[in-house]
Amino acid sequence: MKPKKNKEIISHDNFVRGRFKEDISEITADFTASLDIDKKLADFDIDGSIAHLYALEKAGIVSGKEKRDVEKALLKIKAEIKNGKFEFNKKYEDIHMNVEKRLTELVPESGAKLHTGRSRNDQVSADFRLYVKNRIKHIAKALIDLREELAAAAKSNIETIIPGYTHFQHAQPVSLAHHILAYYEMFTRDFEKLMNAYKTADVLTLGSGALAGVDFDIDRRLEADALGFGSISRNSMDGVSDRDFALEFNFALSMAALHLSRFCEELIIWNSFEFGFIKLKDEFTTGSSIMPQKKNPDVLELIRGKTGGVISNLLSLFIMMKSLPLAYNRDMQEDKKPVMESADTVYSSLSIFKEIIRTLKFNKENMAAGLKDDSIYATDVATYLVKKGVPFRKSHEIAGRIVSYAENAGKTLSTMSLKEYKKITGLIAGDIFDIFNPEASVNSKKTAGGTAFKEIKKVLKEYEKEIENNKKSLSALK
Ligand code: ARG
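Every value quoted in this text rests on a predicted model; they were computed, and no experiment measured them.

Rules used in this analysis
Residues numbered from 1 in each chain as written. Predicted model: local features only at pLDDT ≥ 70, side-chain atom pairs only at ≥ 80, totals over all residues. Heavy atoms only, no water. Pairing = 2+ DSSP bridges. Helix = DSSP H or I, 4+ residues; strand = E, 2+ residues; numbered from the N terminus. Near = heavy atom within 4 Å. Polar contact = N/O pair within 3.5 Å; in protein donor to acceptor, adjacent residues only side chain to side chain. Areas by Shrake-Rupley, 256 points an atom, 1.4 Å probe, with all protein chains shown as cover. Nonpolar A, V, L, I, M, F, W, Y, C, P; charged D, E, K, R; others polar. Expected span 1.5 Å × (residues − 1). Buried < 20%, exposed > 50% of the residue type's maximum accessible area, 1.4 Å probe, protein only. Contact = heavy atoms within 4.5 Å. pLDDT = per-residue confidence, 0-100. Axes fitted to C-alpha atoms, helices over the stretch in contact; angles between N-to-C directions. Parallel < 35°, antiparallel > 145°, perpendicular 65-115°, else oblique. Left-handed = near helix turned anticlockwise from the far one by under 90°. 1 Å grid on protein atoms, 1.4 Å probe; cavity = no way out; pocket = protein on both sides within 12 Å on 5 of 7 lines; lining within 4 Å. Points joined across faces, edges and corners; volume = space filled by probe spheres on them. Salt bridge = Lys/Arg side-chain N within 4 Å of Asp/Glu carboxyl O.

K.L.:
Any chance you could break down the pairing of strand 2 (residues 169–175) for me, citing the residues and the numbers?
P.N.:
Alignment of strand 1 (residues 161–166) against strand 2, held across six bridges, turns out to be antiparallel. The residue of strand 2 that forms the bridge with Ile 162 is Val 174. Between the antiparallel neighbours strand 1 and strand 2 lie two residues, among them His 167 with a positive phi of about 55 degrees.

Listed below in structure tokens is the structure:
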């Protein structure tokens, strides 16, 4: 197809096409535009411009009056965007050009000075870092909220016992609280990862210019302070081309999504007729268009399903960055979509998942029924024999024989008679029957971090402090 010449769509020509003989083609303008996506950076772009404006005034490039005029105009643009009055125009390529275009309409002379000592390369890096820092704060808060909800659910279910699984086979009895808090731990690590990503993003890159730094006395500290950046970058070439912060953020998001997907999978199973361990609130289920009896766990399924997209976004970003030479390359324009998409998905997933947990009903009867299979105590039988002096490998073998005997005799560990036990080993006495009890099994675990009620209570206390500390560190972020 031959690109159509169109004088209307001269894109960003007004700004950067001084050296060109031809206008940009419509098809190129359309292909290179990123406005639909980087629109979301608008507020950060304006904040960044205001900080830069202060530095320009300090450097004597704009006067006090010019600074005031431009700042006023920028704030007006911010309000226009907020009120839906701003006319976004794709022919100005991206959000940075759109804002600048409007600025030069409002204040032509002084507005045209704003881009002194700045390149879109350092501008977009700074805007994106501000965006990432902002999203981290929201998502970290959502993680804290979810962890609080999980701790609350655990607190009221310390003494609820369920079968614990390995290989998706009955393994050993565990407290339901212990199971729930395993996820608390995962989401705590996600929180920490987000805080680390914040640190990586918390570096001011304005002042890097296109790649080499700028010729004016731009006070980068002043810009950093105005924008709430903890430090300033030390290498302008790295400054404009580094996207580690975006990758780290996306990695943390992928981990959170992965953890959510595992929990969703379990809840979907627990919600099945066969398990019946939980009941989801109606508002989080949907009906079937053909089967009237159905209440499908669609929300859980969708969170699980969206995880694929979140992980792919991380990969997209990795692959886009791989092998890029220094410094800025236009490939990098593709960095925003995967990050913004994942940030939105994970934030909404965490928020709705928290509500699901908050309104979840546990069916304790069905959970108890899941423990009727006595072979779940086979490890406890082996431990019983160890306590009578049998080496563990040997006791494991004897317990195995007991389980096999029971199976063949059509009995269970608790319905076998003492005489039958004695035939297998004389070391077993009447007290063997005390161990076929979920609570005894759970509370016989002695190690820190184990499922015994006492341990869970201890850990829950630690979590309270931990959450308080996390809240403090979160509110200390600029
Ligand atoms: N829209 C571009 C992006 O998001 C802005 C930077 C453009 N820089 C350039 N040299 N063309 O990456």
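Structure shown, so let's carry the discussion forward.
K.L.:
With reference to specific residues and values, describe the site of the ligand.
P.N.:
Taken together, Ser 34, Asp 94, Arg 120, Asn 121, Val 124, Tyr 328, Arg 330, Gln 333 and Lys 336 make up the full set of residues near the ligand. In this structure, Asn 121 approaches the ligand through a side-chain N or O atom, which is 3.0 Å from a nitrogen atom. In this structure, Tyr 328 approaches the ligand through a side-chain N or O atom, which is 2.5 Å from an oxygen atom. The fraction of the free accessible surface of the ligand (340 Å²) that becomes covered by protein chains is 86%. When residues of the shell around the ligand are assigned to their parent elements, the largest contribution, three residues, is made by helix 8 (residues 120–155). Of the residues assigned to the shell around the ligand, the class counts are two nonpolar, three polar and four charged.

K.L.:
A description of helix 4 (residues 42–58) should follow, citing residues and the corresponding values.
P.N.:
Because the α-helix completes a turn every 3.6 residues, residues three or four places apart line up on one side. Compared with the 24 Å implied by 1.5 Å per residue over 17 residues, the 25 Å span of helix 4 between its first and last C-alpha is a close match. The element helix 4 is largely enclosed, with a buried count of twelve among its 17 residues. Taken as a whole, helix 4 has its buried residues at Ala 42, Phe 44, Asp 45, Ile 46, Gly 48, Ser 49, Ile 50, Ala 51, His 52, Leu 53, Ala 55 and Leu 56. Buried-residue contacts for helix 4 involve helix 3 (35–38), helix 5 (64–82), helix 6 (95–106), helix 8 and helix 10 (220–227). Residue Gly 60 follows helix 4 closely and has a positive phi angle near 80 degrees.

K.L.:
Please set out the confidence of the model for the protein residue by residue, giving values where relevant.
P.N.:
One rule of thumb: low pLDDT means the predicted coordinates there are not for detailed reading. Within the protein, residue pLDDT values average 94, and 96% of them lie at 70 or more. Within the model, the stretch residues 1–13 combines pLDDT values under 50 with 27 contacts to residues more than four positions away or in other chains.

K.L.:
Kindly report on the packing of helix 16 (residues 378–387) against helix 17 (residues 392–408), identifying the contributing residues and their values.
P.N.:
For the pair helix 16 and helix 17, interaxial distance at closest approach is 8 Å and the crossing angle is 135 degrees. One way to sum up the angle between helix 16 and helix 17 is to call them oblique. Here the hand of the crossing between helix 16 and helix 17 comes out right-handed. Note on element contacts: helix 17 touches helix 16 through Phe 392, Ser 395, His 396, Ile 398, Ala 399, Ile 402 and Val 403, opposite Ala 378, Val 381, Ala 382, Leu 385 and Val 386. Residue classes in the contact of helix 16 with helix 17 are distributed as ten nonpolar, two polar and no charged.

K.L.:
Lay out the layout of surface pockets with the relevant residues and their values.
P.N.:
Of the volumes computed, that of the largest pocket is approximately 670 Å³. In terms of lining, the largest pocket is formed by 30 residues, of which the most central are Tyr 165, Val 174, His 178, His 179 and Ala 182. Mapped onto the lining of the largest pocket, the elements with two or more residues apiece are strand 1, strand 2, helix 9 (176–201), helix 12 (244–270) and helix 20 (453–475). Ranked by residues supplied to the lining of the largest pocket, first place goes to helix 9 with seven residues.

K.L.:
Before we move on, could you go through the pattern of salt bridges and cite the residues and values that matter?
P.N.:
According to the stated counting rule, one finds 35 salt bridges in the structure shown. Put simply, Arg 120 and Glu 93 hold a salt bridge, and the shortest N to O gap is 3.2 Å. With Arg 120 in helix 8 and Glu 93 in the loop between helix 5 and helix 6, this residue pair connects regions lying 27 residues apart in the sequence. Residues Asp 335 and Lys 336 are paired through a salt bridge, measuring 2.8 Å at the closest nitrogen-oxygen approach. Both residues of the pair, Asp 335 and Lys 336, count as buried. Residues joined by salt bridges that share partners form a network here, namely Lys 76, Glu 80, Arg 102 and Glu 105.

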